[in-house]
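# Notes for the structure review
As a plain string of letters, each chain reads:
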Amino acid sequence: MRFTLGQQERLKSKKLLGKLYEEGKAIKVFPLRMVYIQTEHTSKFPAQVGVSVPKRNFKKAVDRNRIKRLLREIYRKEKHTVYNGIDKPYVFMISYIARDEWKYADIEHKMKKLLTLFTEEITKDEK
C-alpha cells in the first residue's frame, strides 16, 4: 500500500457531505471527532476522508490550515488501520474540536485511537 492521500481519497462531493451530516454516526476521541457513513462513492479507494477545523475556535486561516495539514498528514500515515479493517466503502469527516492547538505527537496518538475505535465500531455493526 502506498502512503499517499490523493484527490480520489479526499471527500469533495457536496451530496456526500450533506448525506454524511444528515445520516452519519459520530465517534469522538478528544480533540478529534469523526462522523462516518457506509455509502457508495465514485472513488476506487475503500474510504474518502475530509478534515475540518471550526472557524469559531481558530479565527486565523493560517492556524486552521496548519491544523488541517497536520490532520491530513497523520491520517495519511495511519490510513492502513482503516483500509485493513473495512470491506465496504465508507465516507468520513474528521473534525478538530479543541480550542487550542495540540502538539503533533499528541494529535497523532489520538488519531490512532480514533481510527482503531472506528474499525472496532464498524466490525461490531456488521455483526
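Keep in mind it's a predicted model, so treat the numbers as computed, not measured.

## Comments concerning the overall build of the chain
If you tally the helices and strands in the chain, you get 3 helices and 4 strands. Seen in sequence order, the chain has helices and strands lined up from the N terminus as α-β-β-β-α-β-α. By the compact-globule yardstick of 14 Å for 127 residues, the chain fits well, its C-alpha radius of gyration being 14 Å. Seen through its principal axes, the chain has C-alpha atoms that stretch 40 × 30 × 25 Å.

## Focus: the pairing of strand β2 (residues 32-38)
Burial analysis of β2 places 5 of its 7 residues in the buried class, the great majority of the element. Of the pairings in the sheet, the one linking strand β1 (residues 25-29) to β2 comprises 5 bridges and is antiparallel in character. Residue I27 lies in a different strand from β2, and its bridge partner there is M34. Where β1 hands over to β2, the hairpin turn is made up of 2 residues, counted between the paired strands. With 7 bridges connecting them, β2 and strand β4 (residues 90-96) associate as antiparallel partners. Considered in β4, the bridge of Q38 is made with Y90.

## Focus on the side chain of H41
Along the chain, H41 turns up in the loop between β2 and β3 (47-52). Separated by 3.3 Å, the side chain of H41 and the backbone nitrogen of S43 make a polar contact. Setting aside anything within four residues of it in sequence, one finds H41 in contact with L16, P46, A47, Q48, P89, Y90 and V91.

## Details of unusual backbone geometry
The residue after F30, namely P31, is reached through a cis peptide bond having omega 15°. By the element assignment, P31 lies in the loop between β1 and β2.

## Quick notes on the packing of aromatic side chains
Here the structure, examined in full by the defined rule, presents 7 aromatic pairs. A centroid spacing of 5.9 Å and a plane angle of 50° characterise the contact between F58 and Y96, whose relative ring orientation is tilted. Placement of the pair is F58 in the loop between β3 and α2 (61-85) and Y96 in strand β4, with a sequence separation of 38 residues. Summarising the aromatic geometry, the rings of Y75 and F92 are spaced 5.8 Å apart at their centres and angled 70° between planes, so their arrangement reads as edge-to-face. With Y75 in helix α2 and F92 in strand β4, this residue pair connects regions lying 17 residues apart in the sequence. Neither Y75 nor F92 differs from the other in exposure class; each is buried. Within the aromatic cluster, the residues linked to one another by ring pairs are Y36, Y75, Y90, F92 and F118.

## Some points on the pattern of salt bridges
Per the counting criterion, the structure on display carries 5 salt bridges. Close ionic contact of E9 with K79 constitutes a salt bridge, the shortest N to O distance being 2.7 Å. One end of the pair, E9, is in the segment before α1 (14-23); the other, K79, is in helix α2, with 70 residues separating them in the sequence. We classify E9 as buried; its relative accessible area is 1%. K79 sits in the buried class, given a relative accessible area of 1%. Between E101 and R66 there is a salt bridge, and its shortest N-O distance comes to 2.8 Å.

Quick notes on the rules
- Residues numbered from 1 in each chain as written.
- Predicted model: local features only at pLDDT ≥ 70, side-chain atom pairs only at ≥ 80, totals over all residues.
- Heavy atoms only, no water.
- Helix = DSSP H or I, 4+ residues; strand = E, 2+ residues; numbered from the N terminus.
- Rg over C-alpha atoms; globule rule 2.2 N^0.38 Å.
- Buried < 20%, exposed > 50% of the residue type's maximum accessible area, 1.4 Å probe, protein only.
- Pairing = 2+ DSSP bridges.
- Polar contact = N/O pair within 3.5 Å; in protein donor to acceptor, adjacent residues only side chain to side chain.
- Contact = heavy atoms within 4.5 Å.
- Phe/Tyr/Trp six-rings, centres within 6.5 Å; stacked < 30°, edge-to-face > 60°.
- Salt bridge = Lys/Arg side-chain N within 4 Å of Asp/Glu carboxyl O.

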